[in-house]
Amino acid sequence: MFEAEATDGHEVDQTISLFNHVTAKLSDLDLEMVKSVKPGGNWNDIPLKTAKKSKRLMQIRNSGGRTTYYGRLRPDLPSYTINTYFNRPGNGTFIHPERNRLISIREAARLQSFSDDFRFYGSLSSQYKQIGNAVPPLLARAIGSMIPASRAVDLFCGAGGMSNGLIQAGHKVIAAADVNNHMLETYGENHNQTKSVKSDFTKNKDITETIQSIEGSLAGKTLGLLAAGPPCQGFSTAGKRKDDDPRNSLLFAALKIVDTLCPEHILIENVLGLKWMKGGDILGSFMQHLESLGYAASWHKLYAEQFGVPQRRRRIFVLASQTGNEFSPPEPVFSRVTTGRTREDIHFKDSHLAEPVSVDEAIGDMPQVCEDTDCVEYQPSNTKSRSTYQQLMRKEISYEKFIEGRSKKA
Ligand SMILES: C[S@@+](CC[C@H](N)C(=O)[O-])C[C@H]1O[C@@H](n2cnc3c(N)ncnc32)[C@H](O)[C@@H]1O
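Being a predicted model, the structure only gives us computed values, none of them experimental. Note that residues are indexed from 1 along each chain, following the sequence as it is written. Restriction of local features to residues with pLDDT of at least 70 applies here, the model being predicted, together with a cutoff of 80 or more for giving and counting side-chain atom pairs; totals for whole chains, interfaces and linings are based on all residues.

**Comments concerning the confidence of the model for the protein chain**
Then, in step 1: A score from 0 to 100, pLDDT tells how confident the predictor is in each residue. Per-residue pLDDT for the protein chain has a mean of 89; in total, 91% of the residues score no lower than 70.
Then, in step 2: Across residues 1-10, confidence stays below pLDDT 50; counting only partners more than four residues off in sequence or on other chains, it has 15 contacts.
Then, in step 3: Low confidence marks residues 234-243, where pLDDT is under 50. Its contacts with residues over four positions away, or in another chain, come to 12 contacts. Throughout, a pair of residues is in contact if the C-beta atoms placed from their backbones lie within 7 Å.

If you want it as structure tokens, here you go:
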């Protein structure tokens, strides 16, 4: 789509429409704070005179808040985790590395490895959630490549980060389900080959209807892969169920579908906290349940920056197979970022691997945001920094070419 035509080895300047390049407006006080934070800095950089104007900031100063709060991204490193709050400077490290504003929705999408032709729909507040909650497509691609390419379904599909990566890995995602209309709008617009259905997995009736819908799409063929990225909180509002029963979790709703559809393989993504929830009982009981259904199951902690995502994001993936063979996790391609005692003490762990993709490589080509529209025209060849990651995001080069180029750099 964004293929730049080449003549005699020179690229022809091409104007590109960049969607979702909008950023949350800052109040005058937030702007004053943002201006005082240097790249890699945080609330500690904000002078007392400014801090005194904010009750929250004074609380953070007095009690020692998280070092990521009011953080400004460093251009030379992968970003911190992109969560759903990148519309507020006080909730993480979301200030642009050079400009006095927050990162835009498109920039956050780039840091999550969504290519530029993936558009986000629905309300702005939903778009923040769609991006912050997603599995980075390049991470889903890496883990999806470990599973034989097959017919797949994606439960709790959100905007479709998981599906996007699975499709890149060769899977055919035939059906997807989520409870949220905005998520489904974005999912549907970007995945026109997939049947997406609205389903609330706290309701048995919806689960039954989803199973019927998937069976309709399968038309008698076997389901190769069931993928799911459930939110980790339980059914605490569902009345009759007991809060301390791990089976009340949405995680277990996916197992009801496994029980009926018997997929060959299962892939579940979740936050690291799953490991510790209820002293490890939830994950333990989930793994046991998979084994009781005849699956060989294992879980793995993956570091997104090791798979080409310009972001420090750690997630748990459960992999299960009916064949009795446990899957191995994908081999890292890039080095992992580790931190020492201080925020500045950062180094790369695996020196034999290529350095992870940095924020500047990911978004250094982005044009100025325009307040009136979410579609900005720009010429990438006119921008100061060009990287193979940016080319990958514009679909000018293949994933293999991107990896090849990075490995040579190492
Ligand atoms: C962590 S996100 C999934 C992100 C997705 N895997 C991706 O890569 O983009 C969890 C999703 O679960 C959905 N969800 C929450 N409660 C649900 C429910 N009761 N039934 C179905 N979906 C639900 C949310 O709307 C959200 O999209």
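Past the structure itself, the notes keep going.
**Observations regarding the sheet that holds strand β9 (residues 225-228)**
Then, in step 1: A sheet is described by the order of its strands in space; here seven strands give the open sequence β8-β7-β6-β9-β10-β12-β11, paired in mixed fashion. Among the strands making up the open sheet, the edge pair consists of β8 (195-198) and β11 (296-303). Geometrically, the sheet is characterised by an average inter-axis angle of 15° between neighbouring strands, direction not taken into account.
Then, in step 2: Each axis is a line fitted through C-alpha atoms, and for a helix only the stretch in contact is used; angles between axes span 0 to 180 degrees, taken between their N-to-C directions. A run of H or I in DSSP counts as a helix once it spans at least four residues, and a run of E counts as a strand once it spans at least two, with each numbered from the N terminus. Sitting on the sheet, helix α7 (residues 161-168) touches β6 (151-155), β7 (172-178), β9 and β10 (265-271), and the angle it makes with β7 is about 175°.
Then, in step 3: Where helix α10 (residues 250-261) meets the sheet, its contacts fall on β6, β9 and β10, and the angle it forms with β9 comes to roughly 175°. The criterion for strand pairing is that DSSP finds at least two bridges linking the strands in question.

**Notes on the domain arrangement of the protein chain**
Then, in step 1: For the domains described, the bounds stem from an automatic or database domain assignment. Domain boundaries assigned for the protein chain yield domain 1 (16-111 + 358-409) and domain 2 (124-321).
Then, in step 2: Summarising the inter-unit geometry, the C-alpha centres of domain 1 and domain 2 are found 28 Å apart.
Then, in step 3: Facing the 21 residues of domain 1 at the interface are 13 residues of domain 2.
Then, in step 4: Among the secondary structure elements, those contributing two or more residues to the side of domain 1 that touches domain 2 are α4 (105-111), α12 (359-363) and α14 (399-409).
Then, in step 5: At four residues, the largest contribution of residues to the side of domain 1 that touches domain 2 is made by α4.
Then, in step 6: Ten residue types, Ala, Val, Leu, Ile, Met, Phe, Trp, Tyr, Cys and Pro, are classed as nonpolar, four, Asp, Glu, Lys and Arg, as charged, and the remainder, Gly among them, as polar. The class makeup of the residues in the side of domain 1 that touches domain 2 is 13 nonpolar, seven polar and one charged.

**Describing the environment of C375**
Then, in step 1: As for its placement among the helices and strands, C375 is situated in strand β15 (residues 375-378).
Then, in step 2: Neighbour counting defines burial: a residue surrounded by 20 or more other C-beta atoms within 10 Å of its own C-beta is buried, one with 12 or fewer is exposed, and intermediate counts give partly exposed, using backbone-placed C-beta atoms. C375 sits in the exposed class, given 12 other C-beta atoms within 10 Å.
Then, in step 3: Residues C375 and E400 lie 25 residues apart in sequence; the distance between their C-alpha atoms is 29 Å.
Then, in step 4: Excluding residues within four positions of it along the chain, C375 makes contact with S17, L18 and F19.

**Considering the site of the ligand**
Then, in step 1: For the ligand, the set of nearby residues contains 21 residues, the closest of which are A134, F156, G158, G161 and G229.
Then, in step 2: Of the residues in the shell around the ligand, the class split is 11 nonpolar, eight polar and two charged. A residue counts as near a molecule or strand when its C-beta atom, positioned from the backbone, falls within 6 Å of it.

**Comments concerning helix α5 (residues 124-132)**
Then, in step 1: Taken as a whole, α5 has its buried residues at Q127, Y128, Q130 and I131. For α5, the buried positions fall inside an angular range of 160° around the axis, keeping them on one side.
Then, in step 2: Tucked inside the fold, the buried residues of α5 contact α4 and α8 (181-190). By definition, the arc is the one covered by directions from the helix axis to the C-beta atoms.

**Overview of the pairing of strand β12 (residues 314-321)**
Then, in step 1: Across the eight residues that make up β12, a large majority, six, are buried.
Then, in step 2: As defined by bridge partners, β10 adjoins β12 across seven bridges and the pair is classed as antiparallel. Across the sheet, residue E269 finds its bridge partner in β12, namely F317.
Then, in step 3: When β11 meets β12, the two strands line up antiparallel, connected through eight bridges. Opposite A296, over in β12, you have S321 as the bridge partner.

**As for the nonpolar core**
Then, in step 1: Counting residues in hydrophobic clusters, the biggest one holds 91 residues, and the most contacted among them are L139, V153, L226, A227 and L267.
Then, in step 2: Take this core: its biggest share by element is six residues, from α10.
Then, in step 3: Those residues in contact with A227 that sit more than four places away from it in its chain are A152, V153, D154, M162, L166 and L267. What we call a nonpolar core is a set of buried Ala, Val, Leu, Ile, Met, Phe, Trp, Tyr and Cys residues whose membership is set by joining through C-beta atoms within 7 Å.

**Re the packing of helix α6 (residues 137-144) against α7**
Between two packed helices, what matters for the description is the angle formed by their axes and the separation of those axes.
Then, in step 1: Where α6 contacts α7, the two axes come as close as 7 Å, and the packing angle between them is 50°. What the angle tells us is that α6 and α7 run oblique. The crossing of α6 and α7 is right-handed. Contacts between α6 and α7 pair P137, L138, L139, A140, R141 and G144 from the former with G161, M162, N164, G165, L166 and Q168 from the latter.
Then, in step 2: Residue composition of the contact of α6 with α7, by class: six nonpolar, five polar and one charged. Comment on the angle field: the value is read as roughly parallel under 35 degrees, roughly antiparallel over 145, roughly perpendicular from 65 to 115, and oblique elsewhere. Handedness of each helix crossing follows the sense of rotation of the near helix against the far helix: counterclockwise by less than a right angle gives left-handed, clockwise gives right-handed.

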